[in-house]
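The chain contents come next:
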Number of protein chains: 2
Amino acid sequence: MALPHPCASWPDNGRPIRETLDRVGDKWSVLIIGILALSGPLRFSALHQSVPGISQRMLTLTLRHLQRDGLVKRTAYAEVPPRVEYELTPLGSSLRTIVTLLAQWATDHNDEIETARRHFDAR
Amino acid sequence: MALPHPCASWPDNGRPIRETLDRVGDKWSVLIIGILALSGPLRFSALHQSVPGISQRMLTLTLRHLQRDGLVKRTAYAEVPPRVEYELTPLGSSLRTIVTLLAQWATDHNDEIETARRHFDAR
DNA sequence: CGGGATCCGGGCAGATACTG
DNA sequence: CAGTATCTGCCCGGATCCCG
């Protein structure tokens, strides 16, 4: 008789989660969500400065994706100069706890990881 | 006078977090950590089957990365046929809560995201 | 069985220039 | 200011073959 699948309680072997994870798990999303969670609504340029290293293009694309998934709301004001603000939707805000935990974990264990890496590389 | 940076409490504007996030945030890591968290030690082949869609190469690479970062421990048994088991280290286990929350969130809000996407695409 | 090595194509991501 | 457009290089990731 077959053993129960090692990952029985991970729904559909993680299949439906994949697409969701792809959104949250891409290079910039978590960072941007975290920043928006901490700062509230931000303009494009402010966001651009808050995420060091991101290109204009990637910021645009990431925001578009997040918007498409209903995590971020885009509001354009008809002014001159134009002003566009991005903020988390309620759905996006529901990620706040997780993102905060993740950021916390990353800072807490940064040294351990660093050490582990050097130890691993030194062989 | 300069306004306080919008992301003051995100350490170093998220810089040191980036590398850590890159590990956790790549395409397969979270899934693999989640599976190991649920199942305990697994052999390579079992892991391979538990992650539908992953190629052998990517599984190898991802495991190597996780091992390098001290999140996963690899144990090879000198037998015939050879047997290799992967399990979470204590450091890896400390991610268990977060990964579980993430998986929970993904399943909980899968429909909302789906809806948001269709709504967004239909314009 | 558990990988390593190699080849290769597509898309991710940067740089630059331009626009409403 | 907040993007779009275009070009390009490069790395991700799959397929395949091979090895201890």
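Residues numbered from 1 in each chain as written. Chains lettered and ligands numbered in written order. Predicted model: local features only at pLDDT ≥ 70, side-chain atom pairs only at ≥ 80, totals over all residues. Heavy atoms only, no water.

Turning our attention to the sheet that holds strand S2 (residues 72–77) of chain A. All names here are of chain A. Within the open sheet, the three strands sit side by side as S1-S3-S2. Their pairing is antiparallel. Of all the strands in the sheet, just strand S1 (42–43) and S2 have a single pairing partner and so form its edges. With six bridges joining them, S2 and strand S3 (residues 83–88) adopt antiparallel strand pairing. Directly across from Val72, in S3, lies its bridge partner Leu88. Contacting S1, S2 and S3, helix H2 (residues 29–39) crosses the sheet at an angle of about 95° to S3. (Pairing = 2+ DSSP bridges. Helix = DSSP H or I, 4+ residues; strand = E, 2+ residues; numbered from the N terminus. Contact = heavy atoms within 4.5 Å. Axes fitted to C-alpha atoms, helices over the stretch in contact; angles between N-to-C directions.)

With that out of the way, let us pick up the relation of the copies chain B and chain A. Of the two same-sequence chains, chain B is brought onto chain A (RMSD 0.1 Å, axial shift 0.0 Å) by a rotation of 180°. On this basis, the relationship between the two copies can be described by a two-fold rotation axis. Of every C-alpha in chain B, the one belonging to Gly25(B) sits nearest the axis of rotation, 2.3 Å from it. When you check the interface residues of chain B against chain A, 100% turn up at the interface there too, and the contact is symmetric in its surfaces. (Least-squares fit on C-alpha atoms with pLDDT ≥ 70 in both.)

Another aspect to go through is the protein's contact with DNA strand D. Ser45(A), Arg64(A), Arg74(A), Tyr86(A) and Arg57(B) are the nearest of the 18 residues found near DNA strand D. Considering the 4 Å shell around the protein, atoms of DNA strand D inside it are sugar or phosphate in 66% of instances. At 2.8 Å, a side-chain N or O of Gln56(A) approaches a base nitrogen of DNA strand D. Residue Tyr86(A) places a side-chain N or O atom 2.5 Å away from a phosphate oxygen belonging to DNA strand D. When contributions to the surface near DNA strand D are tallied by element, the ones reaching two or more residues are helix H3 (44–50), helix H4 (56–68) and S3 of chain A together with helix H4 (56–68) of chain B. Here the surface near DNA strand D takes four residues from H4(A), the largest share from any one element. Looking at the surface near DNA strand D residue by residue, the classes come out as seven nonpolar, five polar and six charged. (Near = heavy atom within 4 Å. Polar contact = N/O pair within 3.5 Å; in protein donor to acceptor, adjacent residues only side chain to side chain. Nonpolar A, V, L, I, M, F, W, Y, C, P; charged D, E, K, R; others polar.)

A word on the protein's contact with DNA strand C. Taken together, 16 residues sit near DNA strand C, with Ser45(B), Thr60(B), Arg64(B), Arg74(B) and Tyr86(B) positioned nearest. Ser55(A) has a polar side-chain atom sitting 2.9 Å from a phosphate oxygen of DNA strand C. With respect to DNA strand C, the side chain of Gln56(B) contributes an N or O atom lying 2.8 Å from a base nitrogen. For the surface near DNA strand C, the secondary structure elements donating two or more residues are H4 of chain A together with helix H3 (44–50), H4 and strand S3 (83–88) of chain B. Counting residues per element, the surface near DNA strand C draws most heavily on H4(B), which supplies four residues. Residue classes in the surface near DNA strand C are distributed as seven nonpolar, four polar and five charged.

Attention now goes to unusual backbone geometry. With an omega of -5°, the peptide bond between Val80(A) and Pro81(A) qualifies as cis. Tracing the backbone shows Pro81(A) in the loop between S2 and S3.

The computed volume of the largest pocket comes to approximately 240 Å³. The wall of the largest pocket is formed by 23 residues, among which Val24(A), Gly25(A), Val30(A), Val24(B) and Gly25(B) lie closest to the centre. Listed by contribution, the elements that provide at least two residues to the lining of the largest pocket are helix H1 (15–24), H2 and helix H6 (96–108) of chain A together with helix H1 (15–24) of chain B. Class assignment of the residues belonging to the lining of the largest pocket gives a composition of 13 nonpolar, two polar and eight charged. (1 Å grid on protein atoms, 1.4 Å probe; cavity = no way out; pocket = protein on both sides within 12 Å on 5 of 7 lines; lining within 4 Å. Points joined across faces, edges and corners; volume = space filled by probe spheres on them.)

Here we come to the environment of Thr60(B). All names here are of chain B. Tracing the chain through its elements places Thr60 in helix H4. Taking relative accessible area as the criterion, Thr60 reaches 27% and is therefore assigned partly exposed. Separated by 54 residues in the primary sequence, Thr60 and Glu114 have C-alpha atoms spaced 31 Å apart. (Buried < 20%, exposed > 50% of the residue type's maximum accessible area, 1.4 Å probe, protein only.)

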